[in-house]
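# Structural characterization, general
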Amino acid sequence: MRYATREEAGRRLARSAGHLRDADLVVLALPRGGIPVARELAAALDAPLDVLVVRKLGVPWHPELAMGAIAEGPDLESGEPTDGVFRVLNEDVIRRGRIAPESVDNIERRELAELARRADFLRAGRARIPLEGRTAVIVDDGVATGATAAVACLAARASGATRVILAVPVASPEALRRVGRAADEVICPWTPVDTDSVGAAYADFHQLDDDEAVRLLRDTGTSGTGKADETIR
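Residues numbered from 1 in each chain as written. Predicted model: local features only at pLDDT ≥ 70, side-chain atom pairs only at ≥ 80, totals over all residues. Heavy atoms only, no water.

## Describing the sheet that holds strand β2 (residues 49-51)
Picture the strands of a sheet paired through backbone hydrogen bonds; they go either parallel or antiparallel. Short version of the rule: The criterion for strand pairing is that DSSP finds at least two bridges linking the strands in question. Helix numbering and strand numbering both begin at the N terminus, where a helix is a DSSP run of H or I of at least 4 residues and a strand a DSSP run of E of at least 2. All axes here are fitted lines through C-alpha atoms, helices being fitted over the stretch that makes contact, and every angle between N-to-C directions spans 0 to 180 degrees. Residue contacts are counted whenever heavy atoms from the two residues lie within 4.5 Å of one another.
The five strands lie next to each other as β2-β1-β6-β7-β8, forming an open sheet whose pairing is parallel. Lying at the two open borders of the sheet, with one neighbouring strand each, are β2 and β8 (185-187). When the angles between neighbouring strand axes are averaged without regard to direction, this sheet yields 25°. Here helix α2 (residues 34-45) sits on the sheet in contact with β1 (25-29), β2, β6 (135-139) and β7 (163-167), set at roughly 165° to β1.

See the structure below:
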């Protein structure tokens, strides 16, 4: 099994998510690779589509190693959406690396600026779709470690979603076990044990740029329920 494109993966994913059609859903794409997948899923479920931007906080001398993450949502400690940011810090990594608080603050400040830039650019001025009392379906093109997906699930729940579902076309069983603790349900039609990366599951796994992501969101539409008014275009 291999997906030709992210769009095909989204259509296949939708076949496994038909039971969600009657729920009060918001489909949340993790930019940028999750957008084509989520677009197909939202269309199949006749649900509104939005994005949920997550940024990793990398260790200063090893940016690929996460010492935390930020996402759109309320503050973790206060529970109040005072600044529209949800934070998770990996205290073990910070302690073992002896990372000074000012270093954490500097990196978070930089990533906050990028998070805001991406969110504003992708939404093109539209407000976030409220999640209070609804089912949030987090969608990416695949799960490698599960760290980003887990933070997104936590952020959606903290933003008021009563149920959080992770829907991805491909993931390793280990990654799904890890992220499954943050979601109420995980939908994944393909869980290979021998894949080296998410990209290996696709014939076309090109890097989406911001312009392509915005175009896909702008061209999205739903029909039949009037939900298209809520959908990013």
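On we go.
## Considerations on the pairing of strand β4 (residues 62-72)
Note: strand β3 (residues 54-59) against β4, six bridges, orientation antiparallel. What sits directly across from R55, in β4, is I70. Sheet topology note: the β4/strand β5 (residues 85-89) ladder contains five bridges and is antiparallel. Paired with A71 across the bridge in β5 is F86.

## Focus on unusual backbone geometry
Where we set the bar: Whether a residue is buried, partly exposed or exposed follows from its accessible area with a 1.4 Å probe, protein chains only, as a fraction of its type maximum: under 20%, in between, or over 50%, in that order.
In the segment running from P31 into R32, the intervening peptide bond is cis, with an omega of -5°. Among the structural elements, R32 can be located in the loop between β1 and α2. For D46, which is not glycine, the phi dihedral falls at a positive 55°. Counting through the fold element by element, D46 comes out in the loop between α2 and β2. Judged by relative accessible area, which is 10%, D46 ranks as buried. Positive phi is not limited to glycine here, since R98 has a value of about 50°. With respect to the element layout, R98 can be found in the loop between α3 (91-96) and α4 (101-123). When its relative accessible area of 78% is taken as the criterion, R98 is described as exposed.

## Section: the sheet that holds β5
Strand order across the open sheet formed by three strands is β3-β4-β5, with antiparallel pairing between neighbours. Two strands close off the open sheet at either side, each with one partner strand: β3 and β5. Averaged over all pairs of adjacent strands, the angle between their axes in this sheet comes to 35°, without regard to strand direction. Against the sheet, α4 touches β3, β4 and β5, its axis set at about 55° to β4.

## Examining helix α7 (residues 210-218)
Because an α-helix packs 3.6 residues into every turn, residues spaced three or four apart end up facing the same way. Under the convention used in this document: Polar contacts here mean pairs of N or O atoms no more than 3.5 Å apart (in protein, one a potential hydrogen donor and the other a potential acceptor; neighbouring residues in sequence count only if both atoms are side-chain atoms).
For α7, every residue scored as buried is listed here: D210, E212, A213, V214, L216 and L217. Lining the buried residues of α7 we find α2, β2 and α4. N-cap assignment for α7: the residue whose side-chain oxygen lies 3.2 Å from the backbone N of D211 is D209.

## Some thoughts on the pattern of salt bridges
Cut-off, in case you're wondering: What counts as a salt bridge is simple: a side-chain nitrogen of Lys or Arg found within 4 Å of a carboxyl oxygen of Asp or Glu.
Enumeration according to the criterion identifies 18 salt bridges in this entry. Here E8 makes a salt bridge to R12, at a shortest N to O gap of 2.6 Å. Of this pair, E8 and R12 both sit in helix α1 (residues 6-15), four residues apart, which is roughly one turn of the helix. Judged by relative accessible area, which is 23%, R12 ranks as partly exposed. Residues D210 and R117 are paired through a salt bridge, measuring 3.2 Å at the closest nitrogen-oxygen approach. With D210 in helix α7 and R117 in helix α4, this pair connects stretches of sequence that are 93 residues apart.

## With respect to the packing of α4 against α7
Heads up, the condition is: Note on angle classes: values under 35 degrees are labelled roughly parallel, values over 145 roughly antiparallel, values of 65 to 115 roughly perpendicular, and the remainder oblique.
Between α4 and α7, the shortest axis-to-axis distance is 8 Å and the interhelical angle comes to 45°. Judged on the interaxial angle alone, α7 and α4 are oblique. Taking contact as the criterion, the partners of R117, F121 and L122 in α4 are, on α7, D210, D211, A213, V214 and L217.

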